[in-house]
Amino acid sequence: MVSMTPAPTLTLNDGTEIPQIGLGTWQLTGEEGYRVIREALSLGYRHLDTASAYGNEEIVGRAVRDAVAAGEVTRGELFITTKAWQDEQGAEATPDAFRRSLDRLGLDYVDLYLVHWPHERQGRYVEAFEAIARLQGLGLVQSVGVANFYESVLREVAGEVGVVPATNQVELHPGFSQAALREVHAELGVTTVAWSPLGRGEVLAHRELDRVAREVGATPAQVALRWAMSLGCVVIPKSARSVRLSQNLAAAGVRLTREQILAISALDDAEGSGRIFEDPRRF
Ligand code: A2P
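Because the structure is a prediction, the values reported are computed rather than measured. Every residue gets a number counted from 1 within its own chain, in the order that chain's sequence is written. Side-chain atom pairs in this predicted model are given and counted only at pLDDT of 80 or more, local residue features only at pLDDT of at least 70, and totals for whole chains, interfaces and linings cover all residues. Just so you know, side-chain values use all the structure's heavy atoms and leave hydrogens and water out.

1. Describing helix H4 (residues 125-137)
Spelled out, the test is: Helix and strand labels come from DSSP, where a helix needs a run of H or I of at least four residues and a strand needs a run of E of at least two; each type is numbered from the N terminus. Expected helix span is computed as 1.5 Å times (number of residues minus one). For every residue, the accessible area (1.4 Å probe, protein chains only) is compared with the maximum for its type, and the residue is labelled buried under 20%, exposed over 50%, or partly exposed between those bounds. Contact definition: two residues touch when any of their heavy atoms are within 4.5 Å.
Between the first and last C-alpha of H4 there are 19 Å, a value that for 13 residues agrees with the 18 Å anticipated at 1.5 Å per step. Buried residues of H4: Tyr125, Val126, Ala128, Phe129, Ala131, Ile132, Ala133 and Leu135, and no others. Elements that come into contact with the buried residues of H4 comprise helix H3 (93-105), strand S6 (110-115), strand S7 (141-147) and helix H5 (151-161).

What follows is the structure in structure tokens.
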């Protein structure tokens with residue numbers, strides 16, 4: 001099914017609206033990546049998530065500029081996120097890195113700029129977030145946030161900088177629902193953005209997802225995405241395939257009951273060890 005309906009939006013703590021489904025672009029590179037991003041835009045994606053570390057800001061920017069030039073979408077309808085890597089953290093390093101990102105994207109502003117990982121050992125995440133908040137003052141960044149922050153560093157940046165990050169983008173998928181961190185987000189007014197909401201495709205074979213998918217006439221991937229959206233999260237699944245791009249965007253139309261949502265949340269194990277990727281405390 002091809003969906004031309006853009007995803008619903010959530011309102012961030014600064015009043016900005018963010019499309020609740022975006023395209024994760026990690027590993028989308030080169031001409032093939034460009035083609036996928038253009039296709040996503042033509043299918044109705046209005047939110048693209050990139051990072052300096054992904055090495056694809058040029059093709060993301062080119063896809064956006066070409067789609068705008070072709071009259072498919074306006075820049076104002078799009079929500080574009082990029083991120084500062086560990087070696088781009090610091091009072092001067094972060095604004096410098098931001099300008100390089102903006103240059104590679106070929107855009108006048110980004111909608112959301114994030115500290116990509118806290119990297120606590122390096123100890124520059126507060127400076128980096130403060131620098132991003134200053135860029136917001138200059139009108140170069142619409143919203144400011146972090147990624148992969150755990151409770152202690154999240155509270156620290158909010159307290160030290162005096163700006164609550166609009167989003168915290170973290171690993172979140174069936175089997176790893178981040179219940180405790182989401183409570184902290186709710187308390188502070190931070191929107192949770194779920195990266196790898198399909199658990200890299202690895203969690204989709206779970207029996208419970210399959211059961212719910214059959215009950216509601218959707219795919220397991222759509223159930224996983226809709227479940228995270230029901231918890232109040234923004235989701236940024238990555239796919240390089242047309243059919244999946246469409247299916248993932250159409251997850252917004254899937255309806256889950258409270259019982260189905262709770263059943264998927266119950267896939268977390270007691271130790272909270274359902275993480276697939278690195279623990280940000282150590283990364
Ligand atoms: P592909 O790019 O070949 O579609 P995540 O965003 O959670 O990291 O998941 C991305 C992985 O899940 C990729 O390997 C992607 O493969 C796969 N994937 C994306 N969408 C779907 C879908 N609707 N059904 C099954 N697998 C999917």
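2. Side note on the packing of aromatic side chains
Rules: Each aromatic pair joins two rings of Phe, Tyr and Trp (for Trp, the six-membered one) with centres within 6.5 Å, and gets the label stacked for planes under 30 degrees apart, edge-to-face for over 60, and tilted for any other angle. We count a charge as sitting over a ring when the NZ of a lysine or the CZ of an arginine lies within 6 Å of the ring centre and within 35 degrees of the ring normal.
Evaluation of the coordinates by the stated rule reveals 6 aromatic pairs. Centroid distance Trp117 to Trp195: 6.3 Å. Interplanar angle 70°. Geometry classified as edge-to-face. With a gap of 78 residues between them, Trp117 in the loop between S6 and H4 and Trp195 in strand S9 (residues 191-195) connect regions that are remote in the sequence. Here Trp117 and Trp195 have matching classes, each one buried. With 4.9 Å between their ring centres and 65° between their planes, Trp195 and Phe277 make a pair best called edge-to-face. Taken together, the positions of Trp195 in strand S9 and Phe277 in the segment after helix H10 (258-265) put the pair 82 residues apart, joining distant regions of the chain. Taken as a pair, Trp195 and Phe277 share a single burial class, namely buried. Its guanidinium or amino end placed over the ring of Tyr34, Arg62 lies 4.3 Å from that ring's centre, counting from NZ or CZ. The cationic tip of Arg75 hangs over the ring face of Tyr109; the distance from NZ or CZ to the ring centre is 3.9 Å.

3. Comments concerning the UniProt feature "site: Lowers pKa of active site Tyr" (unreviewed entry) in the protein
What counts here: UniProt positions are given in the numbering used here, feature names are shortened, and annotations may be inferred rather than shown by experiment. Polar contact is the term for a pair of N or O atoms within 3.5 Å; when the atoms are in protein, one must be able to donate a hydrogen and the other to accept it, and sequence-neighboring residues count only if both atoms are side-chain atoms.
When the UniProt feature table is mapped to this numbering, "site: Lowers pKa of active site Tyr" (unreviewed entry) covers Lys83. As for its position among the elements, Lys83 is in strand S5 (residues 79-84). Classification of Lys83 by relative accessible area gives buried; the value is 0%. When residues no more than four places from it in sequence are discounted, the contact partners of Lys83 are Asp49, Thr50, Ala51, Ser52, Tyr54, Glu88, Tyr113, Leu114, His116 and Gln169. A distance of 2.9 Å separates a polar atom in the side chain of Lys83 from the backbone oxygen of Thr50.

4. Considerations on the site of the ligand
Under the convention used in this document: Near residues are defined by distance, with any heavy atom within 4 Å of the molecule or strand qualifying the residue. Site definitions follow a grid-based scheme: protein atoms alone, a 1 Å grid, a 1.4 Å probe that fits but cannot get out for cavities, and for pockets an open set with protein on both sides within 12 Å along at least five of seven lines, plus lining residues having an atom within 4 Å of a point. By definition, a pocket or cavity contains a molecule when more than half of the molecule's atoms lie within 2 Å of the pocket's grid points. Gly is placed with the polar residues, together with every amino acid not listed as nonpolar (Ala, Val, Leu, Ile, Met, Phe, Trp, Tyr, Cys and Pro) or charged (Asp, Glu, Lys and Arg).
Near the ligand, the surroundings consist of 16 residues, among which Ser196, Leu198, Lys238, Ser239 and Arg244 are the closest. The separation between an oxygen atom of the ligand and a polar main-chain atom of Pro197 is 3.4 Å. A distance of 2.8 Å separates an oxygen atom of the ligand from a polar backbone atom of Leu198. Placement of the ligand is best described as lying within the largest pocket. Sort the elements by how many residues they give to the shell around the ligand and helix H9 (residues 242-249) lands first, with 3 residues. Of the residues that constitute the shell around the ligand, the class distribution is 6 nonpolar, 6 polar and 4 charged.

5. So, unusual backbone geometry
Positive phi outside glycine occurs at His119, with the angle close to 50°. Take His119: it is sitting in the loop between S6 and H4. On the accessibility criterion, His119 (17% relative accessible area) is buried. Phi is positive for Asn148, close to 65°, though the residue is something other than glycine. For Asn148, the location among the structural elements is in the loop between S7 and H5.

6. Description of the environment of His116
Take His116: it is sitting in the loop between S6 and H4. Of the residues examined, His116 reaches a relative accessible area of 6% and is grouped as buried. Put simply, His116 and Trp85 are 31 residues apart on the chain and 5.5 Å apart in space, counted from C-alpha to C-alpha. Not counting the four nearest positions on each side in its chain, His116 is found in contact with Ala51, Ala53, Tyr54, Lys83, Ala84, Trp85, Ala147 and Asn148.

7. As for the pattern of salt bridges
Stated formally: Salt bridges are counted wherever a side-chain nitrogen of Lys or Arg sits within 4 Å of a carboxyl oxygen of Asp or Glu.
Inspection of every chain in the model, using the stated rule, returns 18 salt bridges. Residue Asp210 is joined to Arg214 by a salt bridge in which the shortest nitrogen-to-oxygen separation is 3.1 Å. Taken together, the positions of Asp210 and Arg214, both in helix H7 (residues 207-216) and 4 residues apart, correspond to about one turn of that helix. Residue class for Asp210 comes out partly exposed when judged on its relative accessible area of 28%. Classification of Arg214 by relative accessible area gives exposed; the value is 65%.

8. As for the layout of surface pockets
Here is the rule we go by: Grid points are joined across faces, edges and corners, and a volume is the space filled by probe spheres set on the points.
Estimates place the volume of the largest pocket at around 780 Å³. Taken together, 32 residues line the largest pocket, and the ones lying closest to its centre are Trp26, Ser196, Arg200, Lys238 and Phe277. At 3 residues, the largest contribution of residues to the lining of the largest pocket is made by H9. Roughly 420 Å³ of volume is contained in the second largest pocket. The wall of the second largest pocket is formed by 22 residues, among which Phe176, Gln178, Leu181, Arg275 and Arg281 lie closest to the centre. Among the elements of the structure, strand S8 (167-171) and helix H6 (179-188) are those that each provide at least two residues to the lining of the second largest pocket. Sorting elements by how many residues they give to the lining of the second largest pocket places H6 first, with 4 residues.

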